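Here are the chains, one letter per residue:
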Amino acid sequence: MNWKRLFSKTDSARLTPELRARIQASFDESSRNEEHFPSTIDPRIYHVKLIREHLGDLRGKRVLDVGCGKGRFARVFREQEPEAEIWGLDISEEMLRFVPAGIQTRAGSMTELPFADGFFDGAYATESLEHAVEIEKAVAEMCRVVKPGGRLAIIDKNAEQWGRLETPEWERWFTRKELERLLKMHCREVSSRFISYWEDVEPDGLFLAWLAVK
C-alpha cells in the first residue's frame, strides 16, 4: 500500500462541527464498552512506564492527559504520585464520567485546549492524537499549554502499518519524521522510538513513541 499517498490526502483535513459531533457521539457510545475501552490499564505496560520515566518526578507537578478517555493512564499516575495534580481532557463527557475522583477533568477538543499558555509541567497523549483530525494544530496546542522546560510524550500508531486494524474514517496514523517535525516547531529536544506493550517484547512496528522537551 502506498501509505504516503493515503495520508497526503489528510493534510488539509478539517475538524468541522459536523465531524466533531460524529467523533464525540462515537466515543460517547464507546464509553459503554468496557471490553474495548477499559477504565484501567496494567501499570506494568511499557507505555505507562515510558511516559512516567519521561515526565520525571511528578511531586507538586501539574500534568495533562490529552484525550484521556476514561482516565486509565491518569488513574495510574495519580495512584503512583498522590502529590501530583493530574488533569484529563476528552471530547466525550460520557468518557469523563469514568475518570476517578482526584483527577480534574475538562471536556473539549485537542485542537482548542481550554487552558492558559504554560499551565502544565507536562502533557501526554496515548492513542488519542490519531483522532484529532487537525494534527498540526493539536500538536501545537499540546506544546502551548506546557511551560518552557516541560516534557511531552505522544504514543500512537505507525503509518507504515496502516491497514492492520479497523479504523473510523477520520483516524490517522503517523510516521516518525512527521511528528518529529511538528514537535520540533515548538520543542528544543525531540526523539522517537518503536515500542511494544511490554518492555521485554521486541516492537513489531505498530506503536511509536515521541518524546519532547519544550
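Residue numbers run consecutively from 1 along every chain, following the written order of its sequence. Since the coordinates come from a predicted model, pLDDT governs what is reported: local features require at least 70, and pairs of side-chain atoms require 80 or more to be given and counted, while whole-chain, interface and lining totals use all residues. Calculation of side-chain values draws on the structure's entire complement of heavy atoms; hydrogens and water are dropped beforehand.

Enquirer: Is there a simple way to explain the layout of surface pockets in this structure?
Expert: Volume-wise, the largest pocket comes out at about 960 Å³. Forming the boundary of the largest pocket are 38 residues, of which F27, F37, E127, E130 and H131 lie nearest the centre. In this text, helices come from DSSP runs of H or I with a minimum length of four residues, and strands from runs of E with a minimum of two, each type numbered from the N-terminal end. Of all the secondary-structure elements, those providing two or more residues to the lining of the largest pocket are helix 2 (17-30), helix 4 (72-80) and strand 2 (85-90). Counting residues per element, the lining of the largest pocket draws most heavily on helix 2, at four residues. Cavities and pockets were defined on a 1 Å grid built from protein atoms only: a cavity is a group of points that admits a 1.4 Å probe but offers it no way out, a pocket is an open group of points flanked by protein on both sides within 12 Å along at least five of seven lines, and a lining residue is one with an atom within 4 Å of any such point. Grid points are joined across faces, edges and corners, and a volume is the space filled by probe spheres set on the points.

Enquirer: Where do I start with the packing of helix 6 (residues 135-144) against helix 7 (residues 176-184) in this structure?
Expert: Geometrically, a packed helix pair is captured by the angle between its two axes and the distance between the axes. Inter-axis angles, ranging from 0 to 180 degrees, are taken between N-to-C directions of lines fitted to C-alpha atoms, where helices are fitted over the stretch in contact. It is at 9 Å that the axes of helix 6 and helix 7 come closest, and there the two elements cross at 45°. The angle between helix 6 and helix 7 places the two elements in the oblique class. Relative to helix 7, the crossing made by helix 6 is right-handed. Contacts between helix 6 and helix 7 pair I135, E136, V139 and C143 from the former with L179, L182 and L183 from the latter. Small angles under 35 degrees read as roughly parallel and large ones over 145 as roughly antiparallel, with 65 to 115 read as roughly perpendicular and the rest as oblique. Should the near helix be turned anticlockwise from the far one by less than a right angle, the crossing is left-handed, and should it be turned clockwise, the crossing is right-handed. Contact between two residues is taken to exist if any of their heavy atoms lie within 4.5 Å; hydrogens are not considered.

Enquirer: Explanation requested: the side chain of K157 in the structure shown.
Expert: Tracing the sequence through the fold places K157 in strand 5 (residues 146-157). Between buried and exposed lies partly exposed: a residue is buried under 20% and exposed over 50% of the maximum accessible area for its type, with that area taken using a 1.4 Å probe on protein chains only. Take K157: its relative accessible area is 5%, and that puts it in the buried class. Here a polar contact is recorded for every N or O atom pair within 3.5 Å, except that within protein the pair must consist of a potential hydrogen donor and a potential acceptor, and residues adjacent in sequence are included only if both atoms are side-chain atoms. Within the local environment of K157, its side chain forms a polar contact with the side chain of E130, the two groups lying 2.9 Å apart. For K157, the residues in contact, after removing those within four places along its chain, are E127, E130, L165, E171, W173, F174, L206 and F207.

Enquirer: Explain the pattern of salt bridges here, please?
Expert: Note on pairing: side chains with opposite charge can pair once their charged atoms come close. Salt-bridge detection follows one rule: a side-chain nitrogen of Lys or Arg within 4 Å of a carboxyl oxygen of Asp or Glu. Going through the model one piece at a time under the given rule, you end up with 16 salt bridges. Across the pair R144 and E141 runs a salt bridge, and its minimum N-O distance is 2.7 Å. Placement of both R144 and E141 in helix 6 is noted, with a separation of three residues, approximately one turn of the helix. Classification of R144 as partly exposed rests on a relative accessible area of 23%. One salt-bridge network, held together by shared partners, links E18, R22 and E169.

Enquirer: How should I be thinking about the side chain of E141 in this particular structure?
Expert: Using a relative accessible area of 13% as the deciding quantity, one classes E141 as buried. Those residues within four positions of E141 in sequence are excluded, and the remaining contacts are M110, T111, E112 and L113.

Enquirer: When you look at the sheet that holds strand 6 (residues 189-195) in this model, what are you seeing that I'm missing?
Expert: Backbone-to-backbone hydrogen bonds pair the strands of a sheet. The strands run either parallel or antiparallel. Paired strands, as defined in this entry, are two strands with at least two bridges between them according to DSSP. Spatially, 3-2-1-4-5-7-6 is the arrangement adopted by the seven strands of the open sheet, whose pairing is mixed. Two strands lie at the open edges of the sheet, namely strand 3 (104-107) and strand 6, each paired on one side alone. This sheet shows a mean twist of 15° between the axes of neighbouring strands, independent of strand direction. Here strand 5 runs beside strand 7 (residues 207-213); their pairing, made up of seven bridges, is antiparallel. Paired with L152 across the strands is A212, a residue of strand 7. Its contacts with the sheet put helix 3 (residues 46-55) on strand 1 (62-66), strand 4 (120-126), strand 5, strand 6 and strand 7, and the angle it makes with strand 5 is roughly 165°. Each of strand 1, strand 2 and strand 4 is contacted by helix 4, which is oriented at about 140° to strand 4, the strand it contacts most.

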